Amino acid sequence: MKEQLTTSRRGFLKLTGIAGGGLMLGFNLTGCDTLPENPDFRDLEINAFILINGDGTVTIKAKNPDIGQGVKTSLPMILAEELDIPWKMVTVEQAELDSRLGSQFAGGSTGVKTNYENLRKAGAAVRDVIVRAAADQWGVQPLDCKTEDGFVTHGSKRLHYGHLAEAAAQLELNEDPPLKDPKTFNIIGKSRPDVDLKKIVTGEALYGIDQEIDGMVYATVLKPQVFGSKLANIEDSEAKAVPGVIDIFEISQGDNPGNGLGGVAIVAENQWAAFKAKGLVKAEWNSPKGFISSNERLRRALDRGASSKGTVLKDEGNVGNAFRNSDEVIEAKYHVPFISHSQMEPMNFIADVQKDKVLLIGPTQTPGSAAASASNITGVPREQVQMKFTRIGGGFGRRLLNDYANEAVLISQKVERPVKLVWTREADFLADYYRPAGAYHFKAALTGKNLEAMEVNICTTSRYLYRQSTPAHGTEAFPDQQPAGMIPNFKVTYSPLKSNIPVGALRTPGVNATTYAYQGFMDELAEKVGMDPIEFQLGLIGTEDKDMPYEDHGGPTYNTVRLRNVIELVREKANWGGGKSQGFAAQMIFGSYVACIVDASLVDGKVKVDKVNVAVDCGRVINPIGANAQVQGGITDAISAALYESLELRDGAPIGQNFDRYEKLRITDSPEVDVHFVASEESPQGLGEPSYPILFPALTNAVYQVTGQRIRELPLKKHNLV
Amino acid sequence: MASYNIKINGQTRSVEAGADTPMLWVLRDELDMKGTKFGCGIGQCGACTVHLNGNAVRSCQIPVSAVGENDITTIEGLSEKGDHPLQEAWKQHDVPQCGYCQAGQIMNAAALLNKNSNPSYQEIEDATHGNICRCGTYNKIKAAITTAAEQL
């Protein structure tokens, strides 16, 4: 590696992997303008993202973890587009944690949005040096050269990229390379199947749980029945008698649940022995003081919180006056339960802690944090922690936290061997970081058909109570959420509720709850004033082209015309008002605009979702087939949560500890979902999350049309519907 | 621990394992066949689906000692070149998102098509009810099974 080159440039465009002093090549590039019969060019890394192979094909590094959101395909598509190489000549490889690649992270629907411009430049910079290398050889101007089908051409001369890599690697990378006119895109905007498709359908070892390293032992962790309990006593003689069991011991990550919940580690020569022994460990636990014993107690505590004087997050106009002087005041209380991530691949991680280095392999949405955390635990310098992340069998926010990776590190450290930790599904439910439960109390003032005032008092079990530095309301209440700024008097307050239930981020954290409550209440108000729900909301949004302030994720503003457009599109596509039982909701979510109409019916007292239409404006779509899948997936996931999902407690312990008692949506309940994208040249936004929240209110509003019952508390299966 | 000779994907494989070890863990950890996935351990999610004499079974529920002379087929043995009509249809429809459940989904669907090469929409749904897809690819699964059935 030529160090002077890597240090002379800034940012991601570093030329990092070029040949050093030992470069010896047995061929002459000069004048070589045809493809040799047996090309013998070296594979060369031109920048950290792109390896030009000797045969002219390219290998592109997938920088971010793929949790099913498709970035292992879509981000390399962006690079390949500007590199101007046919997609069929591209092989995608998963990158390791590598500081040259920038932030490597899966969360907040940010993968495409935050990498789009950078990856375009990184791809274009490599195309640019390849073209300059060709121009140098031919003694012509780079601007007179073209790239097509993986070749650089000038008149009748043509060379594939593999010919030129060696020469290109000697040139300075252009920090501001010319970018393509988007009108000429031929990869971005065209559907490409997942790059791992063949491996997935043939069962290749792709996931964290499939990995192995030499000499490793297997572990699992026993978790207490009541969240937050501390180990009091352990009787493990029977467990230790299971053939293959190596050791059993307590692990702890301290008192902050945000770091990890601790438990009893069982280490064995094989996974089954560890699982079997776990069932034989007799552990006594001390339950935490004031633990939440039942859902009824939880609900009362949330309502008390929402009724208390909370932190005022927004106070526009004078809601008090408006409530006193209006024709009518409407009140409603909405509630959401704790829900589980229940990602299909159980929690797992491999750690090999040695005296002076650590190897980590596994599925994490935050590989950088996993590596930093391993360094903290072991005292091994961060540079000596190698982190290989894998394709991930579902994230949904659960794998933003690295509690399980830390456990693997602690166990490897204790047994002084490489360890593969795999949790049982039961452990996953006993130590999930659930979507916070919340209460949302609404009050609105109506005069004639006018919404004069609205007040929202929110109480949730905020995950930010685990942090000193962030206020508890962060990602729990969204004071700029519509109809903020659309009505003269508007107030939002927030009160956190401390609880022993561990909480974390789940697909559109916070927004998945507030969207349900706000858009449900808006539907109630539309009915009160005798208006069509779509017309009512369009009336508030107005016809002016305005950028509304939005200080939370997806901001700093959102545009009223883009919101109106998705509403009008879904209204048309779903044949709104065509005599069916339909519910509507729309909002800007994490930078994308979504509007949804659900058709529902009641079959034997059970809600059936017959059809879902969603209109989406996410800016430019990178990979249409993947984008469509993300929107469908978000909707389907939300149907599962809306119909069935809730952490139900008995004496503080979850009743559902596996898929027998924690019900998930099955294929028989999965409706047709039609996704309609607004054609857009706006900058691309993420899609892993935005469709998820919008389904909840669209569905419950449809259920109201079917049954006349307002569903102000999820899930639907708790309601007797007729 | 005992020794078992088990017929997997047309070959007889010899393994050492405790009698109660589920086939899932024998496949994954003793035979290094990672396509069969652990999802729930109680036969509720279908991620570990394999064939026992052509029928779909949950390998987490079958102890190694119960396999005997029966033939086991796993995703690795469904086709020689990864081109079973279902695998082809899965590719055509770009079914997976995270992909973790999909080997189980394909094995489950393959057992259905073994018995019924022309299933109705309702028969597809009924036969697939036991396989959870957490990402919500159900509609593409239905479409891919329909496409594969048309090829048979």
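Numbering of residues begins from 1 in every chain and follows the order in which that chain's sequence is written. Here chains are named by letter from A upward and ligands by number from 1 upward, in the order in which they appear as written. Residues qualify for local features only when their pLDDT is at least 70, as the model is predicted, and side-chain atom pairs are given and counted only at 80 or more; totals for whole chains, interfaces and linings, by contrast, use all residues.

Caption draft 1: Region of the structure containing the overall build of chain A. Secondary structure counts use DSSP, requiring at least four H or I residues in a row for a helix and at least two E residues in a row for a strand, with both numbered from the N terminus. Summing up its helical and strand segments, chain A has 17 helices and 29 strands in all. Taken over C-alpha atoms, the radius of gyration is set against a globule rule of 2.2 Å times the number of residues to the power 0.38. Against the globule reference of 27 Å for 722 residues, chain A gives a C-alpha radius of gyration of 28 Å, in line with a compact fold. The C-alpha extent of chain A, read off along each of the three principal axes, is 85 × 70 × 45 Å. Here a residue counts as buried when 20 or more other C-beta atoms sit within 10 Å of its C-beta, as exposed when there are 12 or fewer, and as partly exposed otherwise, the C-beta atoms being derived from the backbone. When each of the 722 residues of chain A is scored for burial, the buried share is 57%. Once C-beta atoms have been placed from the backbone, residue pairs whose C-beta atoms lie within 7 Å are recorded as contacts. In chain A, 77% of the contacts between residues at least 6 apart in sequence involve partners at least 24 apart.

Caption draft 2: How the structure looks around the nonpolar core. In plain words, the nonpolar core is the set of buried Ala, Val, Leu, Ile, Met, Phe, Trp, Tyr and Cys residues that C-beta atoms within 7 Å link up. A:V566, A:C596, A:V614 and A:L695 are the most contacted members of the largest nonpolar core, which totals 159 residues. If one sorts the elements of this core by residue count, helix α3 (residues 111-138) of chain A sits on top with twelve residues. Excluding its chain neighbours within four sequence positions, the residues that come into contact with A:L695 are A:C596, A:V598, A:V612, A:I635, A:A638, A:I639 and A:A642. Ranked by size, the runner-up nonpolar core spans 112 residues in total, among them A:V245, B:L27, B:C48 and B:C101.

Caption draft 3: Spotlight on the domain arrangement of chain B. All names here are of chain B. These domain limits were set by an automatic method or by a database of domain assignments. What the domain assignment lists for chain B is domain 1 (2-77) and domain 2 (85-151). Relative to domain 2, the C-alpha centre of domain 1 lies at a distance of 21 Å. Facing the 15 residues of domain 1 at the interface are twelve residues of domain 2. Broken down by secondary-structure element, the contributors of at least two residues to the side of domain 1 that touches domain 2 are β3 (49-52) and β4 (55-58). With three residues, β3 is the single largest residue contributor to the side of domain 1 that touches domain 2.

Caption draft 4: Region of the structure containing the packing of helix α14 (residues 533-541) of chain A against helix α15 (residues 560-573) of chain A. Residues and elements named next belong to chain A. Every angle, taken between N-to-C directions, lies between 0 and 180 degrees, and every axis is a line fitted to C-alpha atoms, over only the stretch in contact when it is a helix. Two elements in contact, α14 and α15, have axes whose closest approach is 10 Å; the angle formed by their N-to-C orientations is 165 degrees. The orientation of α14 with respect to α15, classified from their angle, is roughly antiparallel. The two elements α14 and α15 cross, and the hand of that crossing is left-handed. Every residue of α15 that contacts α14 at I534, L538 and I541 is listed here: T560, L563, R564, I567 and R571. Each residue gets one label: Ala, Val, Leu, Ile, Met, Phe, Trp, Tyr, Cys and Pro are nonpolar, Asp, Glu, Lys and Arg are charged, and the others, such as Gly, are polar. Residues belonging to the contact of α14 with α15 are distributed by class as follows: five nonpolar, one polar and two charged. Comment on the angle field: the value is read as roughly parallel under 35 degrees, roughly antiparallel over 145, roughly perpendicular from 65 to 115, and oblique elsewhere. Left-handed is the label given to a crossing in which the near helix is rotated counterclockwise from the far helix by less than a right angle, and right-handed is the label when the rotation is clockwise.

Caption draft 5: Representation of the interface of chain A and chain B within the structure. Listed as interface residues are 45 residues of chain A and, on the opposing side, 44 residues of chain B. Per-element accounting of the side of chain A that touches chain B gives the leading share, six residues, to helix α16 (residues 624-643) of chain A. Looking at the side of chain A that touches chain B residue by residue, the class counts come to 18 nonpolar, 16 polar and eleven charged.

Caption draft 6: Structural view of the confidence of the model for chain A. Along the chain, pLDDT gives the predictor's confidence residue by residue, from 0 to 100. Here chain A averages 93 in pLDDT, while 94% of its residues score no lower than 70. Across residues 1-38 of chain A the pLDDT falls below 50, and counting only partners more than four positions away or on other chains, this stretch makes 52 contacts in the model.

Caption draft 7: Looking closely at the pairing of strand β26 (residues 606-617) of chain A. All names here are of chain A. Only when DSSP finds a minimum of two bridges between them are two strands counted as paired. With eleven bridges joining them, strand β25 (residues 592-603) and β26 adopt antiparallel strand pairing. Its bridge partner being in β26, C596 is matched across the sheet by V614. Counted along the chain from β25 to the antiparallel partner β26, the turn is two residues long, and its residue D604 has a positive phi close to 50 degrees. Two elements, β26 and strand β29 (residues 672-677), share six bridges in a ladder whose sense is parallel. Across the sheet, the residue bridging to V612 is V673, located in β29.

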